Amino acid sequence: MLSFFYFCDIIWYVGKNSNYIKGDDFLKINITETVLRDAQQSLIATRLSYPQFEGALKLLNDAGYYSLECWGGATFDSCLRFLGEDPWERLRNIRKNAPDAKLQMLLRGQNLLGYKHYPDDVVRAFVRKSVENGINVIRIFDALNDLRNIEVAVDEALKAGAEVSGTLCYTTSPIHTLDAFVELGKKIEGMGCHTLCIKDMAGIMTPKAAFDLVSALKKNVKLPVVVHTHSTTGLGAMTLLKAVEAGADTIDCAISCLSGGTSQPPTESMYYTLTEMGYDTGLDPAKLKEINDFFKPVQAEALASGLLNPIVMNTDTNALNYQVPGGMLSNLVSQLKAQNALDRLPEVLSEVPRVREDLGYPPLVTPSSQMVGVQAAQNVLLGERYKNVSKEIKAYLHGEYGKAPGKVNEELQKKVLGDEEPVTCRFADTLAPGLDAARAEIGELAKSEEDVLSYVAFPQVAEKFFKAREEKARNTVKYSITEVK
Ligand code: CO
């Protein structure tokens, strides 16, 4: 009898831990599709226009994804600056054409979608309006993992009824230990977030590191774990697989023709791999094929125009040393190209980790990735380190982005700040409310509260956009009057 129960126990244990049994909750894996946000941001500088992807929304809606990452990050800026689109209208249109999908956005905490800290009233209004216009899931991070910088956005997102994914930015450094990440994870759980996201923006998380980190988080934190990585170093798909084996609940993938390189691992490949192993992704492979067929001409067009540079589709193992995220690598390439100095790229890439150490090991994610990248390029091109210091680096050393993860180079800090003392409180506490002032400033050009928020986020760009919009409206009226005559 005893041995019979023992036998049952073994069967139960094997069943629970086998990857080959379907239908068990343990084997459910959620897939988030990034083609509308991170994939196109990483590969084609966020230039995917709404008309280019509108025809895919029904398919994306029906394919069985956990969520569609489609807004936030650089999409907002790019809409206004390059595409002549109102980002809020884009979001409402996505909502309308993908009515059942969970729409997801990426938010840089107190930085919203820009590169500086905004006052709390602006952050709250932005989050509220994002949800009102159709966002369901908000992934909120701070580039320095200074959680004071996400608390207001998290609080407002929770109040607005969104699913909140509190995020830790993954990086490697002497101070970013497994224990330190677990502590961060616990704090994020304590903030009331619904999921915990590991954001490996540089594609440097190795399969083993992912396995260890996800295992440690699953052991110590009750939240579902989401894993985001990039294929830059060629590790992406392996990293996701090991993360899933360690118990990750959701992974980010990109439809194959806009996957790989600085983008995410391919959705279809992950689907086939995981399905064969007995995981239930909920995805419909026929729909995935249709989605990929839809985006193939987009990829071909971008390659033909040069918008998609084949360099960013390659595997670059240098990033394992340099920790350069997808977007940053393509920015550096175009920055150096513009200055006819593309041949200095290797030098700039080796200067990046030195600048990073001076700044107390910030994870390289927007905006710190840009700050470090630009500074590293200047240090190399000017032939002297810190001859020019960008105003962003000054602000960083002044504490305007939050607390550096490690110790900053005090000599550099003194040189840059002079007699000024760095700020140690939450920087947003030093800012006066901003919404009323912005509303008064932009006046009649803003037609809605959403417009005011666009203006707060990107003042000159939004104003230019509003003026062009009025001009277009006037011309349309003129033409229709002529037609009537
Ligand atoms: Co990313």
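Residues numbered from 1 in each chain as written. Predicted model: local features only at pLDDT ≥ 70, side-chain atom pairs only at ≥ 80, totals over all residues. Heavy atoms only, no water.

A. View of the packing of helix α6 (residues 87-97) against helix α21 (residues 449-457). Packing of α6 against α21 brings their axes to within 9 Å, and their N-to-C directions diverge by 125°. Between α6 and α21, the angle is such that the two are oblique. Across from P87, W88 and R92 in α6, the residues of α21 making contact are E450, L453 and S454. The residue makeup of the contact of α6 with α21, split by class, is three nonpolar, one polar and two charged. (Axes fitted to C-alpha atoms, helices over the stretch in contact; angles between N-to-C directions. Helix = DSSP H or I, 4+ residues; strand = E, 2+ residues; numbered from the N terminus. Parallel < 35°, antiparallel > 145°, perpendicular 65-115°, else oblique. Contact = heavy atoms within 4.5 Å. Nonpolar A, V, L, I, M, F, W, Y, C, P; charged D, E, K, R; others polar.)

B. Quick look at helix α20 (residues 435-442). For α20, every residue scored as buried is listed here: L435, A438 and I442. For α20, the arc enclosing every buried residue in end-on projection is 65°, short of the 170-degree limit, so these residues lie on one face. Opposite the packed face of α20, turned more than 90 degrees from it, sit the exposed residues D436, A440 and E441. Immediately downstream of α20, the backbone of G443 shows phi near 55°, a positive value. (Buried < 20%, exposed > 50% of the residue type's maximum accessible area, 1.4 Å probe, protein only. Arc of directions from axis to C-beta.)

C. Layout of the sheet that holds strand β6 (residues 195-199). Pairing within the closed barrel is parallel, and its eight strands lie in the order β1-β2-β3-β4-β5-β6-β7-β8. If you compare each strand with its neighbour and ignore which way they point, the axes differ by 30° on average. Bridge count for strand β1 (residues 30-33) against strand β2 (residues 67-72) is two bridges, and the pairing is parallel. Across the sheet, residue T32 finds its bridge partner in β2, namely S67. Across the face of the sheet, helix α9 (residues 178-190) comes into contact with β5 (163-169) and β6 while running at roughly 160° to β5. (Pairing = 2+ DSSP bridges.)

D. Local environment of the packing of helix α16 (residues 345-358) against helix α17 (residues 368-381). Contact geometry of α16 with α17 gives a least axis separation of 8 Å together with a crossing angle of 120°. α17 is crossed by α16, and the crossing has right-handed handedness. Residues E347, V348, E351, V352, V355 and R356 of α16 form the contact with α17, whose participating residues are V372, Q375, A376, A377, N379 and V380. Class assignment of the residues belonging to the contact of α16 with α17 gives a composition of seven nonpolar, two polar and three charged. (Left-handed = near helix turned anticlockwise from the far one by under 90°.)

E. Local environment of empty space enclosed by the protein. For the structure on display, the rule yields three cavities of 30 Å³ or more. Put simply, the largest cavity is a space of about 80 Å³. Residue lining of the largest cavity: R108, N111, H117, F141, D142, A143, L144, T366, P367, S368, M371 and Y401, and that is the complete set. Grouping the amino acids of the lining of the largest cavity by side-chain chemistry returns six nonpolar, four polar and two charged. Residue contributions to the lining of the largest cavity reach at least three from each of two domains, namely domain 1 (28-305) and domain 2 (310-428). Volume-wise, the second largest cavity comes out at about 60 Å³. If you trace the second largest cavity, you find it lined by T32, Y66, S67, Q104, V137, R139, E163, S165, T195, V226 and T250. Among the elements of the structure, β4 (137-140) and β5 are those that each provide at least two residues to the lining of the second largest cavity. Across the lining of the second largest cavity, the residue classes tally to three nonpolar, six polar and two charged. (1 Å grid on protein atoms, 1.4 Å probe; cavity = no way out; pocket = protein on both sides within 12 Å on 5 of 7 lines; lining within 4 Å. Points joined across faces, edges and corners; volume = space filled by probe spheres on them. Domains from an automatic or database assignment.)

F. Highlighting the layout of surface pockets. In this structure, the second largest pocket encloses a volume near 370 Å³. G84, E85, D86, F465 and R469 are the residues nearest the centre of the second largest pocket, which is lined by 15 residues in total. Top contributing element to the lining of the second largest pocket by residue count: helix α22 (residues 459-484), with six residues. In the lining of the second largest pocket, the residues fall into five nonpolar, two polar and eight charged. Taken domain by domain, the makeup of the lining of the second largest pocket includes at least three residues from each of domain 1 (28-305) and domain 3 (438-484).

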